[in-house]
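# What the coordinates show
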Amino acid sequence: MAQRWGSFFYSLLDYKTEKFVIAKNKKVGVLYRLFQVGVIGYLIGWVFLWKKGYQEREEAIQSSVFTKLKGVALTNNTELGLHVWGAEDYVIPSQGDRVFFIVTNYHETSNQSMGICAESPRVPDGLCSYNTDCAEGETVAAGHGVKTGRCLNETHTCEIYGWCPVEHSHTPSKPLLGKAENFTIYIKNFIRFPKFDFSKSNVLSTANKTYLKSCSYDKDHNPYCPIFRVGDIVHWTGHDFQEMAVKASGGSIGVVIDWNCDLDKDYSKCNPEYSFTRLDASNNITNSATSGYNFRFARYFRDANGRTYRSLFKVYGIRFDILVNGEAGKFNIIPTVVNIGSGLALMGAGVFVCDVILLYMMSTSSFYRERKFEPVGRKNVRSSRDGRHGRHHRHAQDGHHRKEDKLIAEEQPLAPVSSPPAHGAERQPVATDSSMKPHSLERRQQAVGRLHRSPERKALSPVSSSRTPRSPLK
């Protein structure tokens, strides 16, 4: 057991390096190339072209919105009589902000003053049968005043102290300010991207001073005019103004301004895009208890005797929320390098997947594993070194043998040139002995010995000494 753990920890000191094996397997090769093409397509098409991965992005947009409404409506009812409504009457708040409210309908309870009166029968906590049901000093929950301790038999409600008479509101059957759909909204928006020090406005830069007085926003024909008609905004949300103002008793609409700017392009190419949506919409908006939008406000005044009165208004209408979103991008080398590195990492994932298939999921996996994973130890290094030494020794011996053969060939005697025999004369035999030989065997052995003794190559000129035999008769 100890030996096994020892071998395990010892194996942790092994170093693994890559070995490239060319596998002649067309299926795995096609799979790898398809994976490479997919990664390159993803990197170029999605990352760089669609998502602009070569750019540094900023989403922290700084924005300021101003609004101005214009339009006039005429009403004629029993509370106010003939009355002309201007922007200062139907726009709340009147100073212009990114959130504002337009009155489309209202109900007025005029000339209220502080006093004692009966609570409204529409308030559940104000109903009573006995005086004990109206504890003195107790406020009426969701009511209009404080209980005095009396129960009024005429109305079966508690007597209260508050602004009297109390409100008896009802939902209007038609919008009193139906002409509000022709009102116009001027939306002025300033934005800034602090990282790139880039600022711009949604108002078209033009020298024509009458442009903003005559233009009206149109997505196709006039997309850079920031003046919108109220009825058109409601229509672009998919609803009808008259239905929204009466049946739904108002609502909430979001005007979304999107700034998606490519700062590598010209300044004029950064322009806003508008979209419109109804924020309080539900599946059954006309019958929903949460639909509509209304609130109350009062206008106070005093008579000649100094007594304070007020007119209470319950108004219905449309609330507008101006929502500004934005994102800007500009070329930067850092995200470019990061995205390229991510693509190369995906290439490595393709290698890993193909290796798993090749080495573990095919019928010939054992063959490929033997070729890819080759353990190398000291014995392998020693045997490889001995093999190289043996090859070197054989090459050296072959070189010496070639040198000896060349030397022997160089020392061969030159054959004497003799004149051809005369015509008809018979060739005489020549007696030869050891003394007549030009080079003896002994001299050849001496030359070989000199070659082995001297490591340097010496050029030996061939010796040609032919002895002419003397005639014994001379």
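Whatever comes next refers back to the structure up there.
What comes next concerns the included structure. (Residues numbered from 1 in each chain as written. Predicted model: local features only at pLDDT ≥ 70, side-chain atom pairs only at ≥ 80, totals over all residues. Heavy atoms only, no water.)

### Concerning the packing of helix α7 (residues 333–360) against helix α8 (residues 365–372)
To keep it simple, the criterion reads: Axis definition: a line fit to C-alpha positions, over the contact stretch in the case of helices; interaxial angles, taken between N-to-C directions, run 0 to 180 degrees. Labels follow the DSSP assignment, with helices taken as runs of H or I lasting at least four residues and strands as runs of E lasting at least two, numbered in each case from the N terminus. By definition in these notes, contact holds between two residues if any of their heavy atoms fall within 4.5 Å. As a working rule, the residues Ala, Val, Leu, Ile, Met, Phe, Trp, Tyr, Cys and Pro are called nonpolar, Asp, Glu, Lys and Arg charged, and the rest polar, with Gly in that last group.
In contact at an axis separation of 6 Å, α7 and α8 are set at 115° when each is read in the N-to-C sense. When α7 is examined against α8, the residues Asp355, Ile357, Leu358, Leu359 and Tyr360 are found in contact with a partner set consisting of Ser365, Tyr368, Arg369 and Lys372. Partitioning the contact of α7 with α8 into residue classes produces five nonpolar, one polar and three charged.

### Digging into the pairing of strand β10 (residues 198–201)
Definition in use: Pairing between strands is defined by DSSP: at least two bridges between them are needed.
When strand β9 (residues 184–193) meets β10, the two strands line up antiparallel, connected through four bridges. Each bridged residue has a counterpart across the sheet, and for Arg192 the counterpart in β10 is Ser199.

### Quick notes on unusual backbone geometry
A cis amide bond links Ile92 to the next residue, Pro93, at an omega of -5°. Within the secondary structure, Pro93 is located in the loop between β5 (91–92) and β6 (99–118). In the Ramachandran plot, His156 falls in the positive-phi region, its phi being about 55° despite a non-glycine side chain. Secondary-structure assignment places His156 in the loop between β7 (145–152) and β8 (157–164). Unlike most non-glycine residues, Asp197 shows phi in positive territory, near 55°.

### Some points on the pattern of salt bridges
Side chains carrying opposite charge are able to pair once their charged atoms draw close together. Going by this rule: Counted as salt bridges are all cases of a side-chain nitrogen of Lys or Arg within 4 Å of a carboxyl oxygen of Asp or Glu. The buried label goes to any residue with under 20% of its type's maximum accessible area, the exposed label to any with over 50%, and the partly exposed label to all in between, with areas taken from a 1.4 Å probe on protein chains only.
Following the criterion strictly, the structure yields 11 salt bridges and no others. Between Arg278 and Asp280 there is a salt bridge, with its nearest N and O atoms 2.7 Å apart. Note on Arg278: relative accessible area 8%, which makes it buried. Look at Asp280 and you get buried, because its relative accessible area is 16%. Among the charged side chains, a salt-bridge network with shared partners connects Asp125, Glu138 and Lys147.

### A look at the packing of aromatic side chains
To keep things clear, this is the line we draw: Between 30 and 60 degrees the pair is tilted, below 30 it is stacked and above 60 it is edge-to-face, where a pair is any two Phe, Tyr or Trp rings, Trp via its six-membered ring, whose centres lie within 6.5 Å. A ring is considered to have a charge above it if a Lys NZ or an Arg CZ atom is located within 6 Å of its centre and within 35 degrees of its normal.
The full count for this structure, using the stated rule, is 24 aromatic pairs. Centroid distance Tyr217 to Phe228: 4.8 Å. Interplanar angle 40°. Geometry classified as tilted. Placement of the pair is Tyr217 in the loop between α4 (211–214) and β11 (227–229) and Phe228 in strand β11, with a sequence separation of 11 residues. Assessed through its relative accessible area of 8%, Tyr217 is described here as buried. Residue Phe228 is classed as buried on the basis of its relative accessible area, which comes to 1%. Geometrically, the ring pair formed by Phe367 and Tyr368 is edge-to-face, given 5.5 Å between the ring centres and 70° between the ring planes. The ring of Phe313 carries the charged tip of Arg299 above its face, separated from the ring centre by 5.2 Å.

### Here we look at helix α2 (residues 26–50)
The following threshold applies: One less than the number of residues in a helix, times 1.5 Å, gives the span that helix is expected to have. To obtain the bend at a residue, axes are fitted to the seven residues ending there and to the seven starting there, and the angle between these axes is taken. Polar contact is the term for a pair of N or O atoms within 3.5 Å; when the atoms are in protein, one must be able to donate a hydrogen and the other to accept it, and sequence-neighboring residues count only if both atoms are side-chain atoms.
Look at α2: 34 Å from first C-alpha to last across 25 residues, which is about the 36 Å you get at 1.5 Å a residue. Taken as a whole, α2 carries its principal kink of about 25° at Tyr42. Within the span of α2, buried status applies to Val28, Gln36, Val39, Leu43, Val47 and Phe48. Among the structural elements, α7 are those in contact with the buried residues of α2. Capping of α2 at its N-terminal end is provided by Asn25; its side-chain oxygen lies 3.2 Å from the backbone amide nitrogen of Lys27. Of the residues trailing α2, Lys52 is marked for its positive phi of about 55°.

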